[in-house]
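Analysis of the macromolecular model
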Number of protein chains: 2
Amino acid sequence: MAAKSEQTRQLVADVALKMFREIGFEKTTMRAIAQEAGVSVGNAYYYFASKDELVQELYIQVQDEHAVAATKALEGVQDLAGRLKTVLHTGIDVMTPYHQFGSDFISTAIRPTSPVNPFGEASTAARDASLAIFRSAVDGASPAVAKKLRADLPELLWLAYMGVALFWVYDKSEGQRRTRKLIDGAAPLVARGLSLAKIPGVSKVFDDVLGLVRTVKEDA
Amino acid sequence: MAAKSEQTRQLVADVALKMFREIGFEKTTMRAIAQEAGVSVGNAYYYFASKDELVQELYIQVQDEHAVAATKALEGVQDLAGRLKTVLHTGIDVMTPYHQFGSDFISTAIRPTSPVNPFGEASTAARDASLAIFRSAVDGASPAVAKKLRADLPELLWLAYMGVALFWVYDKSEGQRRTRKLIDGAAPLVARGLSLAKIPGVSKVFDDVLGLVRTVKEDA
DNA sequence: ACTCATTCTTGAACACGTTCAAAAGTGCAA
DNA sequence: TTGCACTTTTGAACGTGTTCAAGAATGAGT
């Protein structure tokens, strides 16, 4: 029997996500969710320990959509700039229905104790999934990315992606036009910048950057 | 008469900041502030429209301290790497008493409607003050920074500083050792990276980066 | 059919940030 | 002194996220 329990859980989650999309984070109160779902407030809390955990539900779903959309869109795109653009654009695509919700999300997510914190423990799975998208974007590129960069690049790009997401949240231009522009401009620049790694004088700086990144990551 | 009113305002602010420092943001309730200050809750709200505005008070104070400390510490430091290090380290210095408070602060600050949002209207003054520190760090450097970079660099460094601050918030190492390491490593790297602007192949990439920055900033 | 441990559900209660009508205080003009 | 407008102060009340003791429902073992 497919757990009556699981049904209730799904119901609450579905109602919550729908309300987040339609009326925003703050106006979606736990009481409203419960009422709309036809359960008691306490019951919603039986399945989700906090409002933040409902946000986590949304986060995971958006992440999944991104993985699917990006994988599909990457087919046939060879060059790094194009692949990077693809991953970033599809990322923004799946987030778009939640744009008005974005600032509340980030505000929630940035709190170290939040289950949605992208750097935190609770979202290791989601982060790894997201990282995997960038890894595939890098690994599948031709001409290939310089070998010494290949290991760390996906993580750095993912970090940049967090920055783009932040930019997007603040982007009040229609359809978030500016964010799209930023992606279209930055992706080729990153690719070109990386190709400079062959120049001797530049190569050393790259090595040091990688060294620093590794050092700082290490003694966490 | 130095306004009894102003005295109350100061009292509330002082008590609040002290409590933020000592027991953190969440545990510092408006009721606790009021009680400790010997006023009613409503009275605290007469002077500060929200708890966020008390955070703004803190933000401004920290900013001021940073400006003073950085200006003093910059004396006699010539090279860009050193000057950058100085500004970043003094920035972390003045924030240190509030480290445990950091994540709540950022979580508050990142909300576009917050008076403390560093990108927002309400903190234009504070941001300009902070920007001025970076501008002076750049302008006072010798050997001088490439002319074409000089206009935009302070803003980009300020942005990087926001990133460092974010890193610091998450830095759980003792005394935030890792953040210090990051600063010591990154500052010379930035300086060296900028000096590459003279190399022809690199120069073009730099130009495009600046072009992109300006484009994206323009049609806000 | 009858336990009874486990899972699920309820709604009242709590502390919080915030609001507001009303009271108290203040200072100046008549 | 009295009157009056203005500023300051109060504390009860509201809606929020969250907790929890208590009760229902469920289902496996007898």
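Here's a quick rundown of the structure. (Residues numbered from 1 in each chain as written. Chains lettered and ligands numbered in written order. Predicted model: local features only at pLDDT ≥ 70, side-chain atom pairs only at ≥ 80, totals over all residues. Heavy atoms only, no water.)

1. Focus on the interface of chain B and chain A
- In this assembly, 37 residues from chain B lie in contact with 37 residues from chain A.
- Carbon and sulfur atoms supply 65% of the area that chain B and chain A bury against each other, a total of about 3,100 Å² over both sides.
- Where chain B touches chain A, the interface holds 5 salt bridges.
- Among the ionic pairs, R111(A) bridges to D104(B), the shortest N-O distance being 3.4 Å.
- At the level of elements, α6 (102-109), α9 (153-170), α10 (177-195) and α11 (200-218) of chain B are the ones that each hand at least two residues to the side of chain B that touches chain A.
- A per-element tally of the side of chain B that touches chain A places α11(B) first, with 10 residues.
- Among the residues forming the side of chain B that touches chain A, the class breakdown is 19 nonpolar, 7 polar and 11 charged. (Contact = heavy atoms within 4.5 Å. Buried area = accessible area lost by both parts, 1.4 Å probe. Salt bridge = Lys/Arg side-chain N within 4 Å of Asp/Glu carboxyl O. Helix = DSSP H or I, 4+ residues; strand = E, 2+ residues; numbered from the N terminus. Nonpolar A, V, L, I, M, F, W, Y, C, P; charged D, E, K, R; others polar.)

2. Quick look at the packing of helix α10 (residues 177-195) of chain A against α11(B)
- Contact pair α10(A) / α11(B): the axes reach a minimum separation of 10 Å and the direction vectors enclose 170°. Taken together, the axes of α10(A) and α11(B) are roughly antiparallel relative to one another. For the pair formed by α10(A) and α11(B), the contact residues are R178(A), K181(A), L182(A), G185(A), A186(A), L189(A), R192(A) and G193(A) on the first element and K204(B), V205(B), D208(B), V209(B), L212(B), T215(B), V216(B) and K217(B) on the second.
- In terms of residue class, the contact of α10(A) with α11(B) is made up of 7 nonpolar, 3 polar and 6 charged. (Axes fitted to C-alpha atoms, helices over the stretch in contact; angles between N-to-C directions. Parallel < 35°, antiparallel > 145°, perpendicular 65-115°, else oblique.)

3. A closer look at the side chain of Q176(A)
All names here are of chain A.
- Residue position: Q176 is located in the loop between α9 (153-170) and α10.
- Separated by 3.5 Å, the side chains of Q176 and H99 make a polar contact.
- If near-sequence neighbours (up to four positions away) are discounted, Q176 is found in contact with H99, W168 and D171. (Polar contact = N/O pair within 3.5 Å; in protein donor to acceptor, adjacent residues only side chain to side chain.)

4. Remarks on the protein's contact with DNA strand D
- In the region of DNA strand D, 20 residues are neighbours, and Y45(A), K51(A), S5(B), S40(B) and Y47(B) sit closest.
- Restricting the count to atoms of DNA strand D within 4 Å of the protein gives a sugar and phosphate share of 55%.
- Within the side chain of Y45(A), a nitrogen or oxygen atom sits 2.8 Å from a phosphate oxygen of DNA strand D.
- At 2.7 Å from a phosphate oxygen of DNA strand D is found a main-chain nitrogen or oxygen belonging to S40(B).
- Of all the secondary structure elements, the ones that give two or more residues to the surface near DNA strand D are α2 (30-37) and α3 (41-47) of chain A together with α1 (4-23) and α3 (41-47) of chain B.
- In terms of residue count, α3(B) provides more of the surface near DNA strand D than any other element does, 4 residues in total. (Near = heavy atom within 4 Å.)

5. A few points about the environment of A137(A)
Residues and elements named next belong to chain A.
- Take A137: it is sitting in helix α7 (residues 124-139).
- Judged by its relative accessible area of 3%, A137 is buried.
- Between the C-alpha atoms of A137 and K27, which are 110 residues apart in sequence, the distance is 38 Å.
- Ignoring anything within four residues of it in the chain, the contact list for A137 reads L74, L80, R83 and V87. (Buried < 20%, exposed > 50% of the residue type's maximum accessible area, 1.4 Å probe, protein only.)

6. Focus on the protein's contact with DNA strand C
- The environment of DNA strand C is formed by 19 residues, the closest being S5(A), S40(A), Y47(A), R31(B) and K51(B).
- For DNA strand C, the fraction of atoms within 4 Å of the protein that belong to sugar or phosphate moieties is 56%.
- In this structure, N43(A) approaches DNA strand C through a side-chain N or O atom, which is 3.2 Å from a phosphate oxygen.
- Here R31(B) contributes a side-chain N or O atom positioned 2.7 Å from a base nitrogen of DNA strand C.
- Class assignment for the residues of the surface near DNA strand C results in 7 nonpolar, 9 polar and 3 charged.

7. Topic: the side chain of R83(A)
All names here are of chain A.
- Inspection of the secondary structure assignment puts R83 in helix α5 (residues 80-95).
- It is D79 that comes nearest to the buried, bridge-free R83 among opposite-charge side chains, at 7.9 Å.
- A distance of 2.7 Å separates a polar side-chain atom of R83 from the backbone oxygen of V77.
- When near neighbours in sequence (up to four residues on either side) are disregarded, R83 contacts L74, V77, Q78, S136, A137, G140 and A141. (Lys, Arg positive; Asp, Glu negative; His and termini not counted.)

8. Quick notes on the packing of helix α7 (residues 124-139) of chain B against α9(B)
All names here are of chain B.
- Running from N to C, α7 and α9 point in directions that differ by 115°, and their axes come no closer than 8 Å. Remark: the crossing between α7 and α9 carries right-handed chirality. Each of R127, S130, L131, F134, R135 and V138 in α7 lies in contact with α9, whose residues at this interface are L153, P154, E155, L157, W158 and Y161.
- Per-class residue counts for the contact of α7 with α9 are 8 nonpolar, 1 polar and 3 charged. (Left-handed = near helix turned anticlockwise from the far one by under 90°.)

9. What to know about the pattern of salt bridges
- Per the stated rule, a full pass over the model turns up 19 salt bridges over all chains.
- Here R214(A) ties to D152(A) by a salt bridge, and the two come within 2.6 Å at their closest N and O atoms. With R214(A) in helix α11 (residues 200-218) and D152(A) in the loop between α8 (147-150) and α9, the pair connects residues that are 62 residues apart, well separated along the chain.
- You can call R214(A) partly exposed: its relative accessible area is 37%.
- With its nearest N and O atoms 2.7 Å apart, the salt bridge here joins R180(B) to D93(B). Highlighted residues: R180(B) in helix α10 and D93(B) in helix α5 (residues 80-95), separated in sequence by 87 residues.
- Overlapping salt bridges, with partners in common, bring together D152(A), E155(A), R214(A) and K217(A) in one network.

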